[in-house]
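# Tertiary structure, described
Here are the chains, one letter per residue:
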Amino acid sequence: MLRVMTWNIRTGGRDRAGPGRLDLVARVLAAHRPDLLAAQELRGFDAGTVLAGFAAELGMRPYLARSWFGQPVAVLVRPPLRVLAAGPVRRPFHHAAQRVTVATDAGPLTVIAAHLDPYCGLRRRVEAGWLAAAVRRSPGPLALLAGDLNTLDPGTDHTARIARLPPAYRRRHLRRDGRTPDTRAVARLAAAGLVDLYASAPGDPPDEGLTAPTRHGGGAEFSGMRLDYLFATPALARLARSRAVLRGGETEWASDHYPVLAEFDLRPA
């Protein structure tokens, strides 16, 4: 099984005060051993030694996209996966997007790590269009978009969770009328034919897919929300065998987002 994780580690695992959280992040990753990691908010990681040391500690190879206005993102790859191609999605994202294609026994698999604009729903919708186009340019039918999309999904009633937010943060998730939840970015990806792997399934508890905030990692701008997504092409979705939001233990302190992990019936080629 191939294990793919997305995780916003919050400001590079560092805070303004205190020893930082990067050791906690590394321990969570070592415990779950993803084969591919889509990581967001890598503040300070564009200094090559930081990223190289972090990846080496995990036994992975890093591929980083520097940010236009915000923070870098990266895809980390665990051997023996063989990288066929890698590079940033060259559009002016608020943060960034990185694309990596690896060889699997079912053909090339492309993983795109992305982090969308936190402030403006219209801007997120535009960025989602860029990502959908990047998925269409994948060399085969197997592709995964993974990341913090900063967007609520259109299939859920978000009235209560938006009302709980302070006004400054509430505006991030409302359309211009000040009342309608802004779910356009996720809707655009679904309209492009991508499959939301964590859409509610029969029997899921109401909070099963929520990814922010964690219990002790901060996150005053969240009110129990699903902002982190795994979107697969239909061919890849048919190979998905499990998905989970990883809660408890050190994930409660390591970041203000929980990691999301999925397993696919794929193997390195």
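Scope of this entry: the structure provided in the associated data block. (Residues numbered from 1 in each chain as written. Predicted model: local features only at pLDDT ≥ 70, side-chain atom pairs only at ≥ 80, totals over all residues. Heavy atoms only, no water.)

## A short note on the overall build of the chain
Within the chain, the regular secondary structure consists of eight helices and twelve strands. Relative to the compact-globule value of 18 Å for 269 residues, the chain shows a C-alpha radius of gyration of 17 Å, a close match. Seen through its C-alpha atoms, the chain measures out along the principal axes to roughly 50 × 45 × 40 Å. Taking all contacts inside the chain whose residues are at least 6 apart in sequence as the whole, residues at least 24 apart take part in 69%. Taking the 37 positively charged and 25 negatively charged side chains of the chain as two groups, their mean positions are separated by 6 Å. (Helix = DSSP H or I, 4+ residues; strand = E, 2+ residues; numbered from the N terminus. Rg over C-alpha atoms; globule rule 2.2 N^0.38 Å. Contact = heavy atoms within 4.5 Å. Lys, Arg positive; Asp, Glu negative; His and termini not counted. Charge placed at Lys NZ, Arg CZ, Asp CG, Glu CD.)

## Let's talk about helix 6 (residues 184–191)
Among the residues of helix 6, those classed as buried are Ala-185, Val-186 and Leu-189. Along the axis of helix 6, the buried positions cluster into a sector of 95°, meaning they face one direction only. Looking one or two residues past helix 6, Gly-193 carries a phi angle of roughly 95°, positive in sign. (Buried < 20%, exposed > 50% of the residue type's maximum accessible area, 1.4 Å probe, protein only. Arc of directions from axis to C-beta.)

## Some points on the nonpolar core
Leu-36, Leu-109, Leu-144, Leu-236, Phe-264 and Leu-266 are the most contacted members of the largest nonpolar core, which has 27 residues in total. Put simply, the parts of the chain that give this core at least two residues each are strand 1 (2–8), strand 2 (36–40), strand 4 (73–77), strand 6 (96–104), strand 7 (107–115), strand 8 (142–148), strand 10 (228–232) and strand 12 (260–264). Aside from chain neighbours lying at most four places away, what touches Phe-264 is Met-1, Leu-2, Val-4, Leu-144, Leu-197, Leu-236, Leu-239, Ala-240 and Arg-241. Among the nonpolar cores identified, the runner-up in size contains 23 residues, and Leu-37, Phe-45, Leu-58 and Leu-64 belong to it. (Core = buried A, V, L, I, M, F, W, Y, C linked by side-chain atoms within 4.5 Å.)

## Thoughts on the pairing of strand 8
Counting buried residues along strand 8, seven of its seven residues qualify, which places the element largely inside the surrounding structure. Bridge analysis of strand 7 against strand 8 gives seven bridges, and the strand direction is parallel. Note on strand 8: the bridge partner recorded for Ile-112 is Leu-145. In the classification by handedness, the crossover that spans strand 7, the intervening helix 3 (residues 121–136) and the parallel strand 8 is right-handed. (Pairing = 2+ DSSP bridges. Right-handed = clockwise from strand over helix to strand, strands pointing away.)

## Quick look at the sheet that holds strand 7
Strand order in the open sheet formed by six strands is 5-6-7-8-10-9, and the pairing between neighbours is mixed. The strands lining the two open edges of the sheet, one partner per strand, are strand 5 (83–88) and strand 9 (195–196). Helix-sheet contacts for helix 3 involve strand 6, strand 7 and strand 8, and the interaxial angle to strand 7 is about 170°. (Axes fitted to C-alpha atoms, helices over the stretch in contact; angles between N-to-C directions.)

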